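# Structural characterization, general
Here is how the chains run, residue by residue.
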Amino acid sequence: MNKAQLIPEGKMCFVEKKTLRTRLNEFYEKVDEYPAFEQVTHQAQCWIHVENEVLKRIKENAGKTINVLEIGAGRSGFGEWLKARGLREKVRWSVQDVTFRNAAWLESQTDQITYGDVSEILDKGCFDIVFSTYVLEHVTDPSLHLEHLHQLLRPAGSLFIFCPRYDMPGYLCPSSRHLSWMARVGLGVRWGLARFGSWISHHPAFLIQTDVAAFHGPFFLDADAVHWVSLLDLKLWAQTKGARLRQLKTGTPPVGSKDWIVKRWLTCAVEIHKGE
């Protein structure tokens, strides 16, 4: 793809999605100084919500091991978090990752690993909790991705998603920074039309950027984001599944501060509760 476009996932053909996914996977195999490959990541402000759900299920199911699946784990410190909270022995922690670059770390920490796309995970209806932290923006087929995660959950299971949010007027995804200002304006127009269309039709758009800054220069945060995540899209998708979506808070920064703006308006933090 030679020209960056912003296309609803449903309007992308199989070849377009496969090409984009292949380019991303090649990028992850070669990129240097990528945080998820260089250091153990800690997302306490996100994981506290997962922990609360674990505690709730332990209380409801005394003596039962809680099955938790982390998507796009990278070099996750979630196991260390559980251990510090005295919960590691009560949780079976499974993970998925798209690359083997974190294999040594994950194999030393987790109970079960799947490498490759989430569709490779075959344990449908087996997990009490599925969660991802800063992953959904890197997914080239969000509707299929979410569908599979929904199938992996047990009845009344919970899906936690934490990621950037790109549905605020005037805020364009950082992965478009390699484009000219005119091209970025064009993406902004397509963004506005798609969001209005979703609002009218009650159908999620799941906008995909077909060419990203990560393919053209030094890496920076979210230069590899292909999915312009929208809270509205997630709400509409949850409705189609008869699921309940609850927005979550990630920290309590001072109102009006830069961190408050990021956490309140530019971060998507939700729990999607599957029906019984």
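Summary of the structure given here. The structure displayed is predicted, hence computed values, not measured ones.

### Structural notes on the side chain of E51
With respect to the secondary-structure elements, E51 resides in helix α3 (residues 44-60). Its relative accessible area of 7% is what places E51 among the buried residues. Here R85 takes part through its side chain, which lies 3.0 Å from a polar atom of the side chain of E51. Once you skip the residues sitting within four places of it in the chain, E51 turns out to touch W81, R85 and L87.

### Focus: the pairing of strand β2 (residues 66-71)
Strand residues, when the strand is regular, have side chains that alternate between the two faces of the sheet. For β2, a buried count of six out of six residues is recorded, marking the element as mostly surrounded by other parts of the structure. Both faces of β2 are covered, namely the face carrying I66, V68 and E70 and the face carrying N67, L69 and I71. Read from β2 through helix α4 (residues 78-84) to strand β3 (residues 91-97), the crossover connection turns out right-handed. Of the strand pairs in this sheet, β2 and strand β5 (residues 127-133) are connected by four bridges, and their pairing is parallel. Each bridged residue has a counterpart across the sheet, and for L69 the counterpart in β5 is V130.

### Quick notes on the sheet that holds β5
Read across the sheet, seven strands follow the order β4-β3-β2-β5-β6-β10-β9 without closing on themselves; strand pairing throughout is mixed. One side of each edge strand has no neighbouring strand; the edge strands of this open sheet are β4 (112-115) and β9 (244-247). Between one strand axis and the next, the sheet turns by 15 degrees as a mean value, whatever way the strands run. As paired elements, β5 and strand β6 (residues 153-164) share six bridges and run parallel to each other. Its bridge partner lying in β6, I129 is registered against S158. Here α3 sits on the sheet and contacts β2, β3, β5, β6 and β10 (267-273); the angle it forms with β6, its principal contact strand, is near 165 degrees. With respect to the sheet, helix α8 (residues 231-240) is in contact with β6, β9 and β10, its orientation differing from that of β10 by roughly 5 degrees.

### Looking at the packing of aromatic side chains
Tallied over the full model, the rule gives 16 aromatic pairs. Taken together, a centroid distance of 6.4 Å and an interplanar angle of 85 degrees make the contact between Y28 and F37 edge-to-face. F37 shares its class with Y28; the two are buried. The structure contains a cluster of three or more aromatic residues connected by ring pairs, namely F27, Y28, Y34, F37 and F219. Taking NZ or CZ as reference, R85 lies 4.4 Å from the ring centre of W81, over its face. Sitting over the ring of W265, R264 keeps its end group 4.2 Å from the ring centre.

### Overview of the state of the cysteines
Per the stated rule, a full pass over the model turns up zero disulfides. As a non-bridged cysteine, C46 has C163 as the owner of its nearest cysteine sulfur, 9.6 Å distant. Take C46: its relative accessible area is 2%, and that puts it in the buried class. This cysteine, C163, is not joined by any disulfide, and C268 carries the nearest cysteine sulfur, 4.5 Å off.

### Notes on the pattern of salt bridges
Applying the stated criterion across every chain yields a total of twelve salt bridges. The residue D128 makes a salt bridge to K64 at a minimum N-O spacing of 3.7 Å. Placement of the pair is D128 in strand β5 and K64 in the loop between α3 and β2, with a sequence separation of 64 residues. With relative accessibility at 4%, the residue D128 sits in the buried group. Taking the relative accessible area as the measure of exposure, K64 reaches 35% and is therefore partly exposed. A salt bridge links R195 to D233; the nearest nitrogen and oxygen atoms lie 3.3 Å apart. Residue R195 is located in helix α7 (residues 181-201), and its partner D233 is located in helix α8; the two are separated by 38 residues in the primary sequence.

Calculation notes
- Residues numbered from 1 in each chain as written.
- Predicted model: local features only at pLDDT ≥ 70, side-chain atom pairs only at ≥ 80, totals over all residues.
- Heavy atoms only, no water.
- Helix = DSSP H or I, 4+ residues; strand = E, 2+ residues; numbered from the N terminus.
- Buried < 20%, exposed > 50% of the residue type's maximum accessible area, 1.4 Å probe, protein only.
- Polar contact = N/O pair within 3.5 Å; in protein donor to acceptor, adjacent residues only side chain to side chain.
- Contact = heavy atoms within 4.5 Å.
- Right-handed = clockwise from strand over helix to strand, strands pointing away.
- Pairing = 2+ DSSP bridges.
- Axes fitted to C-alpha atoms, helices over the stretch in contact; angles between N-to-C directions.
- Phe/Tyr/Trp six-rings, centres within 6.5 Å; stacked < 30°, edge-to-face > 60°.
- Lys NZ or Arg CZ within 6 Å of the ring centre and 35° of its normal.
- Disulfide = S-S within 2.5 Å.
- Salt bridge = Lys/Arg side-chain N within 4 Å of Asp/Glu carboxyl O.

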